[in-house]
Amino acid sequence: MRIKILMAGALLLASTLAVAEDAKGVIIKQLQKIDQQIPVVSVKAAQLGGMYEVELGSGEIIYSDAKGEYFLLGQLYQLSDEKGFVNLTEVKMNAQRTALLEAVPVAEKVSFKAEGVEKTSVYVFTDVDCPYCRKLHNEVPKLQAMGISVEYLAFPRQGPDTPTFKKMTNIWCSDDKVKAMTLSKQGKSVANVDCSNPVLDQYELGQKVGVTGTPAIITADGQLIPGYMPAEQLAVRLGVQP
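A short tour of the structure in this document, coming up. (Residues numbered from 1 in each chain as written. Predicted model: local features only at pLDDT ≥ 70, side-chain atom pairs only at ≥ 80, totals over all residues. Heavy atoms only, no water.)

### Re the overall build of the protein chain
Helix and strand content of the protein chain: seven helices and eleven strands. Rg of the C-alpha trace for the protein chain: 22 Å, well past the compact-globule value of 18 Å for 242 residues, more than 25% over. In the protein chain, which comprises 242 residues, the share counted as buried stands at 42%. Considering only intrachain contacts with a sequence separation of at least 6, the fraction spanning at least 24 residues in the protein chain is 63%. Accessible surface computed for the protein chain: about 13,700 Å², of which carbon and sulfur atoms make up 55%. (Helix = DSSP H or I, 4+ residues; strand = E, 2+ residues; numbered from the N terminus. Rg over C-alpha atoms; globule rule 2.2 N^0.38 Å. Buried < 20%, exposed > 50% of the residue type's maximum accessible area, 1.4 Å probe, protein only. Contact = heavy atoms within 4.5 Å. Areas by Shrake-Rupley, 256 points an atom, 1.4 Å probe, with all protein chains shown as cover.)

### Some details on the pairing of strand S5 (residues 77-80)
Pairing analysis gives four bridges linking S5 to strand S6 (residues 84-87), with the strands arranged antiparallel. In the sheet register, Leu79 faces S6, and the bridge partner there is Phe85. Turn length for the S5-S6 hairpin, with the two strands adjacent in sequence and antiparallel, is three residues. (Pairing = 2+ DSSP bridges.)

### Side note on unusual backbone geometry
Between Thr214 and Pro215 the backbone carries a cis peptide bond, its omega angle lying at -5°. Structurally, Pro215 can be placed in the loop between helix H6 (199-208) and strand S10 (216-219). One non-glycine residue with positive phi stands out, namely Asp161, at about 60°. By the element assignment, Asp161 lies in the loop between strand S9 (148-154) and helix H4 (163-173). With relative accessibility at 79%, the residue Asp161 sits in the exposed group.

### Remarks on the nonpolar core
Core analysis: the largest hydrophobic core is formed by 28 residues, its most contacted members being Ile148, Val150, Tyr152, Trp172 and Met181. Those elements that provide at least two residues to this core are strand S7 (110-112), strand S8 (120-126), helix H3 (131-145), S9, H4, helix H5 (177-185) and helix H7 (231-237). (Core = buried A, V, L, I, M, F, W, Y, C linked by side-chain atoms within 4.5 Å.)

### Regarding the state of the cysteines
One pass over the full model with this rule turns up one disulfide. What pairs with Cys173 in a disulfide is Cys195, and their sulfur atoms sit 1.9 Å apart. Between Cys173 and Cys195, the S-S dihedral sits near -90°, and the bridge is therefore left-handed. Of this pair, Cys173 sits in helix H4 while Cys195 sits in the loop between H5 and H6, and the two are 22 residues apart along the sequence. The exposure class of Cys195 is partly exposed, given its relative accessible area of 34%. (Disulfide = S-S within 2.5 Å.)

### Concerning the sheet that holds S7
The strand order across the open sheet formed by five strands is S7-S9-S8-S10-S11, and the pairing between neighbours is mixed. Because the sheet does not close on itself, it has two edges, and the strands there are S7 and strand S11 (224-226). For this sheet the average axis-to-axis angle between neighbouring strands, irrespective of direction, equals 25°. Sheet topology note: the S7/S9 ladder contains three bridges and is antiparallel. In the sheet register, Val110 faces S9, and the bridge partner there is Tyr152. Where H3 meets the sheet, it contacts S7, S8, S9 and S10, and its direction lies at approximately 150° from that of S9. (Axes fitted to C-alpha atoms, helices over the stretch in contact; angles between N-to-C directions.)

Printed below as a string of structure tokens:
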């Protein structure tokens, strides 16, 4: 009897997996009716019964029924007795951001390290000509003193082939990127240098993780904080005592 039950369970599991694979193919086929080039990274069962979570190459998360007839473009929430409404879409995107940002080589970031013991760190997508980016940069010494490291990534808002893009290339090609970043944020010139650099890759990475403006602060666990935030307020948000 026990063997029969185990066999029945295995058959049921195999059937469920087959249905999931069928749904994946159907959903991708439906999306490709809109655009053959839509990059689908993954399709898997969502936490909402009967729905599937679809991750696109752009980093976006959408939801579909098994037949790919109905799509939800938005955020999915779960009601928790302990936490209230939990944004499941944001939780997924936080994990995506964390994985992508952790993959950036140390040498490709402009790092302002915490003083003493590092309590936490933030990634900041920045544009050297953005007034609020400059305002945030003035707060960096306060963040460092509170044990918070700042890891800068490039996000020239107007894109490639612009004066700001060139300024940021100069920073990333400088022998002393930290000094060059501060000088540029102060409106001072930095020597023109050409080299193999990650500025374009970081600009595209910013778009992929949801950056639409600067400064864009991303916490160590992937939460996106858009816009300027004073050092003391940011420290509280990060769980660090000012």
